[in-house]
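These are the residues of each chain, in order.
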Amino acid sequence: MPSNAPIGVFDSGLGGLSVLQAVRALLPHESLLYVADSRYAPYGERPDAFIEQRSLAIGRWLRERGAKAFVVACNTATAHGVATLRADHAWPVVGVEPGIKPAAAASRSGVIGVLATAATLRSARFADLLARHTAQGQRFLCQPGHGLVERIEAGDVDSPAVMRLLDKYIAPMIVQGADTLVLGCTHYPFLIPAIQRHFGTALTLIDTGAAIARQLQRRLEADDLGAPVLPGTGGSLALFTTANANALQTMADRLLNAAPDVVTVEIAETAPQAAAGLASPANLPIIPA
Ligand code: DGL
């Protein structure tokens with residue numbers, strides 16, 4: 001795989017743009033292909049096997065388009081898909097997981113809130129992460145952020161409806177003594193201004209976007225896959241979505257310098273699982289909040 005090949009970055013929707021921003025800031029010479037699987041967002045309300053299946057399908061799609069490495073810019077897809085993705089491809093796969101370790105180090109009160117999707121919180125990976133990093137006397141208050149991803153996908157990061165959800169999820173954490181909040185879903189960094197406006201300085205917010213970019217840099221260096229740094233030239237960026245392009249376009253125009261036009265694509269489920277009789281993704285039920 002040539003080192004000037006692009007890196008694939010994927011999320012269930014717009015959330016991974018928060019990671020993409022960090023990657024572009026650290027590695028401006030790398031070319032990026034971003035896929036938002038917004039047709040099937042939110043993943044956090046989907047069955048585990050469905051999330052794994054979509055992650056695999058998108059990984060293969062990106063690979064077919066020449067990606068040299070893959071960033072799973074989604075905590076939910078990492079929780080349920082990263083092991084399969086690593087087994088499926090001999091390429092660097094960088095995942096993202098809630099910042100439990102930095103939160104444990106940052107908290108003074110020993111009470112830490114974790115806001116993440118229901119699917120992330122119920123995963124074995126998350127249970128393992130908590131078990132590894134909870135120090136004696138520390139308490140993690142884990143709250144599924146039902147409804148937040150839907151709002152953000154609709155471009156809403158601060159309406160009264162969003163503020164009500166934030167209040168419902170976060171205020172009880174503060175009452176119980178939390179001084180630190182893990183943003184355990186890549187969509188949630190878009191809520192930082194709203195959280196700070198509503199809760200002031202009560203909470204230290206933990207987002208892992210910059211750490212993921214550094215991890216990607218280490219992996220590229222270790223595999224000798226880093227793009228050559230040519231003075232005056234930056235990497236290219238292409239944006240794809242499996243739903244209507246408007247939402248991703250609006251968010252990308254807001255966040256990124258000179259965002260390219262978003263292209264809508266169809267990424268079918270992968271054949272082996274379809275043959276094994278899994279329901280078609282479009283027909284899978286969404287678990288109610
Ligand atoms: N952005 C995703 C995450 O980090 C998932 C959101 C969703 O689709 O539920 O978990």
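All values reported here derive from a predicted model rather than from experimental measurement. (Residues numbered from 1 in each chain as written. Predicted model: local features only at pLDDT ≥ 70, side-chain atom pairs only at ≥ 80, totals over all residues. Heavy atoms only, no water.)

Chemist: When you look at the packing of helix H1 (residues 17–26) against helix H10 (residues 209–222) in this model, what are you seeing that I'm missing?
Modeler: Packed helices, taken two at a time, are described by the angle their axes make and the gap between the axes. Interhelical geometry of H1 versus H10 gives an angle of 50° and a closest axis separation of 8 Å. By the angle class used here, H1 and H10 are oblique. With respect to the hand of their crossing, H1 and H10 are arranged in right-handed fashion. In this structure, H1 contributes Val 19, Ala 22, Val 23 and Leu 26 to the contact, and H10 contributes Gly 209, Ala 210, Ile 212, Ala 213, Arg 214, Leu 216 and Gln 217. Partitioning the contact of H1 with H10 into residue classes produces eight nonpolar, two polar and one charged. (Axes fitted to C-alpha atoms, helices over the stretch in contact; angles between N-to-C directions. Helix = DSSP H or I, 4+ residues; strand = E, 2+ residues; numbered from the N terminus. Parallel < 35°, antiparallel > 145°, perpendicular 65-115°, else oblique. Left-handed = near helix turned anticlockwise from the far one by under 90°. Contact = heavy atoms within 4.5 Å. Nonpolar A, V, L, I, M, F, W, Y, C, P; charged D, E, K, R; others polar.)

Chemist: So what exactly am I meant to see when it comes to the pairing of strand S3 (residues 69–72) here?
Modeler: Walk down a regular strand and you will see the side chains alternate between the two sheet faces. Burial along S3 is two-sided: Ala 69 and Val 71 and Phe 70 and Val 72, pointing in opposite directions, are all buried. Where strand S1 (residues 7–11) lies against S3, four bridges are found, and the strand directions are parallel. Among the inter-strand pairings, Phe 10 is bridged to a residue of S3, identified as Val 72. Read as a crossover between parallel neighbours, the route from S3 over helix H3 (residues 75–88) to strand S4 (residues 93–94) is right-handed. (Buried < 20%, exposed > 50% of the residue type's maximum accessible area, 1.4 Å probe, protein only. Pairing = 2+ DSSP bridges. Right-handed = clockwise from strand over helix to strand, strands pointing away.)

Chemist: How should the layout of surface pockets be read in this particular structure?
Modeler: Empty space left among the atoms is revealed by rolling a probe the size of a water molecule over them. Its volume calculated, the largest pocket comes out at about 340 Å³. If you trace the largest pocket, you find 22 residues lining it, with Gly 95, Val 96, Glu 97, Ile 212 and Gln 215 closest to the centre. Residues belonging to the lining of the largest pocket are distributed by class as follows: ten nonpolar, six polar and six charged. (1 Å grid on protein atoms, 1.4 Å probe; cavity = no way out; pocket = protein on both sides within 12 Å on 5 of 7 lines; lining within 4 Å. Points joined across faces, edges and corners; volume = space filled by probe spheres on them.)

Chemist: Where do I start with the pattern of salt bridges in this structure?
Modeler: Between side chains of opposite charge, a pair can form when the charged atoms approach closely. Taken as a whole and judged by the stated rule, the model has nine salt bridges. Note that Glu 64 is salt-bridged to Arg 65, the shortest N-O span being 3.7 Å. Assessed through its relative accessible area of 40%, Arg 65 is described here as partly exposed. (Salt bridge = Lys/Arg side-chain N within 4 Å of Asp/Glu carboxyl O.)

Chemist: It is not clear to me how the packing of aromatic side chains should be interpreted in this structure. Could you clarify?
Modeler: The description of an aromatic ring pair rests on the distance of the ring centres and on the angle between the ring planes. Inspection of the entire model under this criterion finds six aromatic pairs. On the numbers, 6.2 Å between centres and 50° between planes, the contact of Phe 10 with Tyr 43 is tilted. Separated by 33 residues along the polypeptide, Phe 10 in strand S1 and Tyr 43 in the loop between strand S2 (32–36) and helix H2 (48–64) bring together distant segments of the chain. Neither Phe 10 nor Tyr 43 differs from the other in exposure class; each is buried. Geometrically, the ring pair formed by Phe 70 and Trp 91 is stacked, given 5.2 Å between the ring centres and 15° between the ring planes. Pair noted here: Phe 70 is in strand S3 and Trp 91 is in the loop between H3 and S4, with a separation of 21 residues, a long-range link. The pair Phe 70 / Trp 91 is uniform in exposure class, with both members buried. (Phe/Tyr/Trp six-rings, centres within 6.5 Å; stacked < 30°, edge-to-face > 60°.)

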